[in-house]
Amino acid sequence: MKDFFYAIQDLFVDVLFAPFDALRTLELDNWFAANFVSWLFIIIGFVAFVYWMLQLKSFNDNNEEDKSITSHSYL
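First things first, this report covers the structure right here in the doc. Going along each chain's sequence as written, the residues are numbered from 1 onward. Reporting in this predicted model follows two pLDDT cut-offs: at least 70 for local features of residues, and 80 or more for side-chain atom pairs to be given and counted; totals over whole chains, interfaces and linings ignore these cut-offs and use all residues. For side-chain calculations, the full set of non-hydrogen atoms in the structure is used, while hydrogens and water are omitted.

Looking only at helices and strands, the protein chain has four helices and zero strands in total. Along the protein chain, from the amino end to the carboxyl end, the secondary structure elements read α-α-α-α. In terms of overall dimensions, the protein chain has a C-alpha envelope of 70 × 40 × 20 Å along the principal axes. Scored against the burial criterion, the 75 residues of the protein chain give a buried share of 1%. Surface accessibility in these figures is a Shrake-Rupley result with a 1.4 Å probe; residues are shielded only by whichever protein chains are displayed. Surface accessibility of the protein chain: about 7,300 Å² in total, with carbon and sulfur atoms responsible for 68%. Charged residues are defined narrowly, with Lys and Arg counted positive, Asp and Glu counted negative, and His plus the chain ends left uncounted. All charge positions are set by atom: Lys at NZ, Arg at CZ, Asp at CG, Glu at CD. With 4 positive and 10 negative side-chain charges, the protein chain shows a spacing of 4 Å between the two charge centroids. The secondary structure listing takes helices from DSSP runs of H or I that are at least 4 residues long and strands from runs of E that are at least 2 residues long, numbered from the N terminus. The buried label goes to any residue with under 20% of its type's maximum accessible area, the exposed label to any with over 50%, and the partly exposed label to all in between, with areas taken from a 1.4 Å probe on protein chains only.

With that out of the way, let us pick up the packing of aromatic side chains. Only the six-membered ring of Trp is used, alongside the rings of Phe and Tyr, when aromatic pairs are assigned; centres must lie within 6.5 Å, and planes under 30 degrees apart are stacked while those over 60 apart are edge-to-face, with the rest tilted. Using the criterion set out here, one finds six aromatic pairs in the structure. Seen in terms of ring centroids, W31 and F32 are 5.0 Å apart; in terms of plane orientation they differ by 80 degrees. Their pairing is edge-to-face. Overall, W31 belongs to the partly exposed group, its relative accessible area being 43%. For F32, a relative accessible area of 53% translates into the label exposed. An aromatic cluster of at least three residues, connected via ring pairs, comprises F12, F17 and F20.

This part covers the packing of helix α1 (residues 2–16) against helix α2 (residues 18–29). The axes used here are C-alpha line fits, helices contributing only the stretch in contact, and every angle between their N-to-C directions lies in the interval 0 to 180 degrees. Contact pair α1 / α2: the axes reach a minimum separation of 5 Å and the direction vectors enclose 40 degrees. Taken together, α1 and α2 sit at an angle that is classed as oblique. Between α1 and α2, the contacting residues are V13, D14, V15 and L16 on the first element and A18, P19, F20 and D21 on the second. Taken together, the residues that form the contact of α1 with α2 break down as six nonpolar, no polar and two charged. Any angle that falls under 35 degrees is termed roughly parallel, while one over 145 is termed roughly antiparallel, one within 65 to 115 roughly perpendicular, and all others oblique. The contact criterion used is simple: two residues touch if any of their non-hydrogen atoms lie within 4.5 Å. Under the grouping applied here, Gly and all other residues not named as nonpolar or charged are polar, the nonpolar ones being Ala, Val, Leu, Ile, Met, Phe, Trp, Tyr, Cys and Pro and the charged ones Asp, Glu, Lys and Arg.

Salt bridges, as used here, are contacts in which a Lys or Arg side-chain nitrogen is within 4 Å of a carboxyl oxygen on Asp or Glu. In this structure the tally under the stated criterion is two salt bridges. Its salt-bridge partner being D21, residue R24 comes within 3.4 Å of it at the nearest N-O pair. Taken together, the residues R24 and D21, both in helix α2 and three residues apart, mark about one turn of the helix. Among the salt bridges present, the one from D61 reaches K57, with a minimum N-O distance of 2.7 Å. Of the two residues, D61 and K57 both sit in helix α4 (residues 36–61), four residues apart, roughly one turn of that helix.

Dropping the structure here:
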């Protein structure tokens, strides 16, 4: 049973964490390259935000939104 747990340890340490070890060594040489995935997600989020704002502006310009004031009777 002990060998089974050592096999799990070897799988995680030697195989699955290898990309993280590569990023750790890359960070010593170039910080921006090591954080490429973070920069990519930031750019994707910014592009999605700009697209969303442009879509909201186009719907607002076409007056497609129902802006009638309605509320509950207790208000």
